[in-house]
Amino acid sequence: MQEPRAWSLVGVVVLTLSLSVAGAETTWESLEDIPTAAVDEAVDWLRGYLAIDTSNPPGNEGEAADYLAAILHREGISTRLLVTPNGRTNLYARLEAALVSSSTADEGAVLLLHHMDVVPPGDGWTVEPWAAKIDRGRIWGRGAIDAKSLGISHLAAIVDLKRNAARLERDVVFLAVADEENGGAEGAGWLLRQHPDLFDDVVGVLNEGGSNRAAGDRLFWWGIEVAQKRPLWIRATTRGRAGHGSTYNPSSAAHQLVFGLANLFVQPIEFRVTPAAHKYFRAISKYHGERFGSVFGSGDIETVQSRFDQMIEDGRLGNVLLPGMTVFFQDTIQITSVQTAMSTINVVPPVAEALLDIRLLPDTPQDEAIDKIREGIGQAPHLEVLLSSEPTEPSPTDSAVYQALERVLGQRAPLVPSLITGTTDSRYFREAGVPAYGFSPFILTGDESRGIHGPDESIPTSKFRDGLETMRRVVWASAVD
């Protein structure tokens with residue numbers, strides 16, 4: 001993939017003048033739509049970004065960071081490359097009020113966050129995952145939704161502020177991080193540990209995790225993620241006597257492991273209504289019918305918990321909740337890998353291990369969760385915590401950044417403060433006391449979102465172009481006086 005096409009000098013001059021006419025008086029309410037040429041440019045930026053293979057492992061974020069930095073530098077926005085001891089690159093840029101216009105920001109900074117790494121493409125693609133082609137009205141490539149399109153919408157928004165000489169009330173930080181798909185320890189986690197000063201004045205983060213609900217051309221609500229389940233990734237290892245497959249060895253490493261894993265799933269499931277789930281399900285109850293509303297539509301959390309328990313006792317769980325909804329009310333365990341040191345069928349291996357992807361509710365104490373895992377799996381396996389996250393409070397809905405989202409997005413559909421069952425880098429900022437919000441400017445149906453972490457990931461070109469304008473207005477409302 002070639003570098004995004006360059007505009008002619010005349011085109012750049014005309015666009016710059018057109019964007020500067022409103023001068024310092026422009027606000028998000030008075031913005032004219034982003035020029036078509038700027039939208040076309042952002043499409044090219046996305047295609048260039050998608051052409052960079054940032055599969056994690058190993059990530060290759062350095063090349064991606066250089067690509068994004070080059071665009072920012074052409075706009076006069078300086079950048080910093082922050083590299084971990086293991087060679088993972090993160091990109092930081094700050095648009096400072098004093099460098100853009102005569103204003104001086106005194107209200108902190110708003111941070112635009114996305115991750116550069118993607119999951120490996122895997123098999124089953126009908127297009128080349130790194131070709132970044134436009135075909136059948138879609139932009140194809142690994143990362144087209146998760147999360148390079150979001151990153152380019154952030155990039156286009158911060159460039160737009162610079163070109164407009166916007167009168168900033170807050171500085172705007174552009175942050176592209178490594179390693180999110182593997183837990184974020186080499187990305188957002190490392191940055192907040194090693195460079196906390198970069199985030200001292202951040203009043204809010206806009207990140208991935210938004211879950212808008214749409215059907216056809218109708219948008220029901222903007223799902224703004226304010227809380228999420230927490231990852232607890234564990235490696236379970238057993239050891240035993242090696243030998244020939246023809247022997248009787250019931251205490252082999254593999255047998256111990258399989259027995260322990262099986263026991264995990266005979267434990268009773270505990271369903272619990274957390275404050276985040278209570279708020280989220282009450283907000284969406286009006287869209288899910290009378291039965292759903294009778295459980296979640298009213299009452300305090302104790303009342304809803306009582307109704308939930310009664311629903312289980314009466315055997316009505318499947319009549320009220322849609323498939324998959326129970327995960328919002330339980331800690332889950334998923335075995336994602338089981339392997340031994342041997343691959344020969346007639347050899348008893350000395351070591352066996354399994355990887356457990358455990359997702360905890362926002363307020364489940366981690367120590368209690370590990371104790372339950374130990375109780376279920378038994379004493380034989382050695383448990384090693386690979387990734388964990390502390391309980392945090394949901395991000396508030398009365399913050400300046402959330403209010404900016406309401407002012408812009410609320411004109412089209414209501415906002416729903418959402419709980420998600422996945423994990424994003426927002427948790428690192430919440431642990432540091434910084435409000436973080438998952439927001440997607442792209443209104444995608446379920447079919448249009450298909451391909452995330454699977455084959456043929458793509459985003460409709462029209463939805464991407466529309467999302468650029470939505471993100472632009474949200475960032476203006478968050479940062480411009």
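Residues numbered from 1 in each chain as written. Predicted model: local features only at pLDDT ≥ 70, side-chain atom pairs only at ≥ 80, totals over all residues. Heavy atoms only, no water.

## A few points about helix H2 (residues 36-50)
Each α-helix winds once per 3.6 residues, and so residues spaced three or four apart point in a common direction.
And then number 1: With 15 residues, H2 ought to run about 21 Å at 1.5 Å a step, and its terminal C-alpha atoms sit 21 Å apart, in line with that.
And then number 2: Buried residues dominate H2, accounting for 11 of its 15 residues.
And then number 3: Every buried residue belonging to H2 is among Ala38, Val39, Glu41, Ala42, Val43, Asp44, Trp45, Leu46, Gly48, Tyr49 and Leu50, and all of these are buried.
And then number 4: Where H2 is buried, its residues contact helix H3 (61-74), strand E3 (109-115), strand E4 (134-135), strand E5 (138-140), helix H5 (148-163) and helix H16 (461-479). (Helix = DSSP H or I, 4+ residues; strand = E, 2+ residues; numbered from the N terminus. Expected span 1.5 Å × (residues − 1). Buried < 20%, exposed > 50% of the residue type's maximum accessible area, 1.4 Å probe, protein only. Contact = heavy atoms within 4.5 Å.)

## What to know about the sheet that holds strand E14 (residues 351-360)
And then number 1: Across the sheet, which stays open at both edges, the four strands sit in the order E12-E14-E10-E15 with antiparallel pairing between neighbours. Every interior strand has two partners, whereas the edge strands, strand E12 (332-340) and strand E15 (382-387), have only one. Put simply, the sheet's adjacent strands are angled 20° from each other on average, direction ignored.
And then number 2: Where strand E10 (residues 230-239) lies against E14, 10 bridges are found, and the strand directions are antiparallel. (Pairing = 2+ DSSP bridges. Axes fitted to C-alpha atoms, helices over the stretch in contact; angles between N-to-C directions.)

## Here's the deal with the packing of aromatic side chains
Ring pairs (aromatic) are described by centroid distance and by the angle formed between their planes.
And then number 1: For the coordinates displayed, the defined rule picks out 19 aromatic pairs.
And then number 2: Judged by centre distance (5.9 Å) and plane angle (45°), the rings of Phe271 and Phe308 are tilted. Residue Phe271 is located in the loop between helix H7 (253-264) and helix H8 (275-284), and its partner Phe308 is located in helix H10 (residues 301-313); the two are separated by 37 residues in the primary sequence.
And then number 3: Overall, Phe308 belongs to the buried group, its relative accessible area being 0%.
And then number 4: Joined through ring pairs, the aromatic side chains of Phe271, Tyr280, Phe281, Phe292, Phe296, Phe308, Phe328 and Phe329 make up one cluster. (Phe/Tyr/Trp six-rings, centres within 6.5 Å; stacked < 30°, edge-to-face > 60°.)

## A look at the sheet that holds E4
And then number 1: Taken in spatial order, the three strands make up an open sheet running E4-E5-E18, and their pairing is antiparallel. This sheet does not close on itself; its edge strands, each paired only once, are E4 and strand E18 (458-460).
And then number 2: In terms of strand pairing, E4 meets E5 through two bridges, oriented antiparallel. Directly across from Asp135, in E5, lies its bridge partner Arg138.

## Here's the deal with the layout of surface pockets
And then number 1: One number sums up the size of the second largest pocket: a volume of about 800 Å³.
And then number 2: Lining the second largest pocket are 27 residues; nearest its centre among them are Pro268, Ile269, Asp331, Thr332 and Ile333.
And then number 3: Looking at the lining of the second largest pocket, the elements with two or more residues in it are E12, E14 and helix H12 (366-377).
And then number 4: Counting residues per element, the lining of the second largest pocket draws most heavily on H12, at six residues.
And then number 5: Considered class by class, the residues forming the lining of the second largest pocket number 11 nonpolar, eight polar and eight charged. (1 Å grid on protein atoms, 1.4 Å probe; cavity = no way out; pocket = protein on both sides within 12 Å on 5 of 7 lines; lining within 4 Å. Points joined across faces, edges and corners; volume = space filled by probe spheres on them. Nonpolar A, V, L, I, M, F, W, Y, C, P; charged D, E, K, R; others polar.)

## Observations concerning the packing of H3 against H5
And then number 1: Interaxial distance between H3 and H5 falls to 10 Å at its minimum, and their mutual angle equals 15°. By the angle class used here, H3 and H5 are roughly parallel. For the pair H3 and H5, the crossing hand works out as right-handed. Where H3 abuts H5, its residues Leu68, Ile71 and Leu72 lie against Ile152, Leu155 and Ile158.
And then number 2: When grouped by side-chain class, the residues that make up the contact of H3 with H5 number six nonpolar, no polar and no charged. (Parallel < 35°, antiparallel > 145°, perpendicular 65-115°, else oblique. Left-handed = near helix turned anticlockwise from the far one by under 90°.)

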